[in-house]
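Descriptive structure summary
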Amino acid sequence: TSIVQHYITQNRWWYLTEPVDTTTSSVFDANSTNHYLYFWNEGPSNHGWNQIDNGSFVLDSIMLGYASYYTDANHTLEFEGDLNTGDKTITISRTPGVEKEGYNLIGNPYPSSYDLYQFYVGSDVLSSIWYRTYYTGAMNFAHYNAELNNGTNGAQRYAPPMQAFWVKVSDEHTTTDISFAN
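Quick caveat, the model's predicted, so the values are computed rather than measured.

Turning our attention to the pairing of strand β17 (residues 175–180). Residues Thr 176, Ile 178 and Phe 180 point to one face of β17 and are all buried, whereas Thr 175, Asp 177 and Ser 179, pointing to the other face, are not buried. Where strand β9 (residues 88–93) lies against β17, 6 bridges are found, and the strand directions are antiparallel. From the neighbouring strand, Thr 91 faces β17, where its bridge partner is Asp 177.

So, in structure tokens, the structure goes:
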């Protein structure tokens, strides 16, 4: 069993995923009135942002991204469990006609940086990823393009530990698997 801590500041959105095999939303203090925790569901059932407002929600979908926001203070999140290691896969979708068609919020499941180029090669997603970041004194969307190996607003080829980001399934597919390897 390991403990991974991640410090986050208040009054901004954080896109995160868990670095351990299974935990609950209590890590994010999800039942607090001073905190918001959401996940994005691209599919037709419960489409859109889904709020998690209790501390017992099991976060067992490795690589699923979460949006977290605290209004009261800075926090140190503490994840305890078996570290994610080995190959990890998540199935993502593109549902024709829905808001943000094909966009899925996924994340780096490892407690270490990850080479974003590795997941893009041979996948059925667009070559770009997007995430929110504090860059040059303001909140911005960072963008990294794996095919061109360039980024904007500080985005780089290597995703930080636990960083969640948006990917988009290509128009030719309705589902695809994204795989990360150690």
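As a volume, the largest pocket reaches approximately 170 Å³. For the largest pocket, the lining is made up of 15 residues, of which Tyr 131, Arg 132, Thr 133, Pro 160 and Gln 163 are closest to its centre. At the level of secondary structure, the elements contributing two or more residues to the lining of the largest pocket comprise β2 (14–16) and β12 (128–135). Residues of the lining of the largest pocket, tallied by class, amount to 8 nonpolar, 5 polar and 2 charged.

Looking now at the packing of aromatic side chains. Tallied over the full model, the rule gives 14 aromatic pairs. Considering the side-chain rings of Tyr 110 and Tyr 114, the 5.8 Å spacing of their centres and the 35° angle between planes classify their relative orientation as tilted. Across this residue pair, the class does not change: Tyr 110 and Tyr 114 are buried. By the ring-pair criterion, three or more aromatic residues cluster together here, those being Trp 13, Tyr 15, Tyr 36, Tyr 38, Trp 40, Trp 49, Tyr 69 and Trp 166. Sitting over the face of the ring of Trp 14, Arg 12 holds its NZ or CZ atom 3.7 Å from the ring centroid. Here the guanidinium or amino end of Lys 100 rests over the ring plane of Trp 40, the centre of that ring lying 4.8 Å away.

In terms of nonpolar packing, the biggest core is built from 46 residues, with Phe 28, Phe 119, Phe 165 and Ile 178 touching the most fellow members. Considering every element that reaches this core, the biggest residue donor is strand β16 (residues 164–168), with 4 residues. Setting aside anything within four residues of it in sequence, one finds Phe 28 in contact with Leu 16, His 35, Leu 37, Leu 59, Ser 68, Tyr 70, Leu 77 and Phe 79.

Calculation notes
- Residues numbered from 1 in each chain as written.
- Predicted model: local features only at pLDDT ≥ 70, side-chain atom pairs only at ≥ 80, totals over all residues.
- Heavy atoms only, no water.
- Buried < 20%, exposed > 50% of the residue type's maximum accessible area, 1.4 Å probe, protein only.
- Helix = DSSP H or I, 4+ residues; strand = E, 2+ residues; numbered from the N terminus.
- Pairing = 2+ DSSP bridges.
- 1 Å grid on protein atoms, 1.4 Å probe; cavity = no way out; pocket = protein on both sides within 12 Å on 5 of 7 lines; lining within 4 Å.
- Points joined across faces, edges and corners; volume = space filled by probe spheres on them.
- Nonpolar A, V, L, I, M, F, W, Y, C, P; charged D, E, K, R; others polar.
- Phe/Tyr/Trp six-rings, centres within 6.5 Å; stacked < 30°, edge-to-face > 60°.
- Lys NZ or Arg CZ within 6 Å of the ring centre and 35° of its normal.
- Core = buried A, V, L, I, M, F, W, Y, C linked by side-chain atoms within 4.5 Å.
- Contact = heavy atoms within 4.5 Å.

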